[in-house]
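Now for the letters of each chain:
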Amino acid sequence: MSRIKKMPCDKTIDSSLCLLMEGYPFIQNRCRKYETDIFQTRLFCKKAICFTGEEAAKIFYNESLFKRKGAAPKRVQKTLFGQQGVQGLDGKMHQNRKQMFLSIMTPENLKTLIHYTRFQWEYNSIRWNNGNIVLFDEVQILLCQVACRWAGVPLEYYEIEQRAFDLGKMVDGFGAVGPRYWQGCSARKRSEKWISDIIIQIRTGKIKPKKNSAAYIIAWHRNQNSKLLNPQVAAVELLNIIRPIVAIATYITFGALAMLKHPECRKKLQLRNPDYNEMFVQEVRRLYPFTPFVGALVKKDFLWNEYLFQKGTLVLLDIYGMNHDSRIWLNPYEFNPERFSNWEDNPYLFMPQGGGNMEGHRCAGEMVTIEVMKASLDFIANHLSYKVPAQNLKYRLCRIPTLPKSRFIISHVKRKVD
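What you are looking at is a predicted structure, and each value in this text was computed from that prediction instead of being measured.

Rules of the game
- Residues numbered from 1 in each chain as written.
- Predicted model: local features only at pLDDT ≥ 70, side-chain atom pairs only at ≥ 80, totals over all residues.
- Heavy atoms only, no water.
- Helix = DSSP H or I, 4+ residues; strand = E, 2+ residues; numbered from the N terminus.
- Contact = heavy atoms within 4.5 Å.
- Phe/Tyr/Trp six-rings, centres within 6.5 Å; stacked < 30°, edge-to-face > 60°.
- Buried < 20%, exposed > 50% of the residue type's maximum accessible area, 1.4 Å probe, protein only.
- Polar contact = N/O pair within 3.5 Å; in protein donor to acceptor, adjacent residues only side chain to side chain.
- Pairing = 2+ DSSP bridges.
- Axes fitted to C-alpha atoms, helices over the stretch in contact; angles between N-to-C directions.

Here we look at the environment of Gly 85
One can find Gly 85 in the loop between helix H4 (74–81) and helix H5 (91–104). Along the backbone, Gly 85 and Asn 240 are 155 residues apart, and their C-alpha atoms lie at a distance of 8.0 Å. Beyond its immediate sequence surroundings of up to four residues, Gly 85 is in contact with Arg 97, Val 236, Glu 237 and Asn 240.

Structural data, given as structure tokens:
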């Protein structure tokens, strides 16, 4: 009979308040404190296991041992993910829905997305000329325009700011309590109503998006039982295309911050070396906080490294901690794009938005994030001149999701013409 080791345990009755107060480094802090890569705690009155490291990631993405259905708290579903979306599915239902998303992420569609992104930067930057802007807010609006155009979702001029605001609030509210959370819930309700109406209009022929667009593919997608998705579920999934693109505004803002703090990196971006552009983007995704951790439920009792995982237990894999682990990254809190020059892609080590292979639960839109960031940060480095006035650019790790306090204000904005 296999020996069962006692798992290190967080010495509090419930760690929920600590999680809210500490934010991103919550798991990392305890792993250091207890000198372990795994510990047990209680979160929101439920037993939870937290772990980190490559081997932990490999076991976490084993679909015979873990399931996603029921893992995301209702508060996250009511803001970030929506209910019955791909993130909370398993087995054949997940495979069916994941293939739907992968069918949207074709090389041709990605090229179109890059074209729309570059166009929108050129177009929107005309409006900023000689002015002062809050970069994060303007990039959210810009990416809302890009996302809707690419997805085949009609967007009237008068509604752009409201839709961008709502999509941003859905992301901003998921890790919050109080007003920020309530705003996220309200934003999701409005957004799902908006998109479900569009799904119905596509099916009745009133709106006719391109056949390779996300709106068309999702509106006419059939599940594993050959039935069309419920309009509400289809709306959740179409928002799972649009919302994450708008959320890239966070990474782009942090990319601009990296250029400010490391002007030598901006100079290298101005050399227009695509390899360096990619390394810069990956280092922004690694260093700056985005996803704190990902969760799943134990599917059946099993032993791992002599620790018992019991069926139904919530398990959290530490994404932030792994992206800042000195055993994986040399000087992990330094910004160094060149660390990716000889990087061998490992889906269980570098996981800014979650890990595993693309057929499993790895984010289908990861390539979208990378390509939109590359096009956007190239534009900022090579086609915009601006000044950065005195402001509070600090970001708090206790805030999930986090962002520079000032949201990155730039002044005297001018578009440079080649």
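Comments concerning the packing of aromatic side chains
Summed over the entire model, instances satisfying the criterion amount to 26 aromatic pairs. Aromatic side chains Phe 254 and Tyr 288 sit 4.7 Å apart centroid to centroid with 10 degrees between the ring planes, which places their arrangement in the stacked category. Of this pair, Phe 254 sits in helix H11 (residues 231–261) while Tyr 288 is found in the loop between helix H13 (274–287) and strand S5 (293–298), placing the two residues 34 residues apart along the sequence. Residue classification places Tyr 288 among the buried positions, given a relative accessible area of 4%. Ring geometry for Trp 304 and Phe 309: centres 6.2 Å apart, planes at 80 degrees, overall edge-to-face.

Focus: unusual backbone geometry
Geometrically, the link from Ile 400 to Pro 401 is a cis peptide bond, its omega value of -10 degrees lying close to zero. Residue placement: Pro 401 occurs in the loop between strand S9 (384–387) and strand S10 (409–415). Even without a glycine there, the phi angle at Ser 226 is positive, about 65 degrees. Looking at the element boundaries, Ser 226 is found in the loop between helix H10 (214–219) and H11. A positive phi angle is found at His 412, which is not glycine, with a value near 50 degrees. Residue position: His 412 is located in strand S10. Under the relative-accessibility criterion, His 412 is labelled partly exposed at 47%.

Some remarks on the side chain of Thr 117
Structurally, Thr 117 can be placed in helix H6 (residues 107–128). The exposure class assigned to Thr 117 is buried, which follows from its relative accessible area of 0%. Within the structure, the side chain of Thr 117 is placed 2.8 Å from the backbone oxygen of Leu 113, a separation counted as a polar contact. Look past the residues within four positions of Thr 117 in its chain and what remains in contact with it is Val 146, Val 372, Ala 375 and Ser 376.

Section: the sheet that holds S5
One key point about sheets: their strands pair by backbone hydrogen bonds, in either a parallel or an antiparallel sense. Across the sheet, five strands lie side by side as S1-S2-S8-S5-S3; this open sheet has mixed pairing. Each edge of the sheet is formed by a strand with only one pairing partner; in this case those strands are strand S1 (38–43) and strand S3 (66–67). Its contacts with the sheet put helix H2 (residues 26–33) on S1, strand S2 (46–51), S5 and strand S8 (314–318), and the angle it makes with S1 is roughly 130 degrees.

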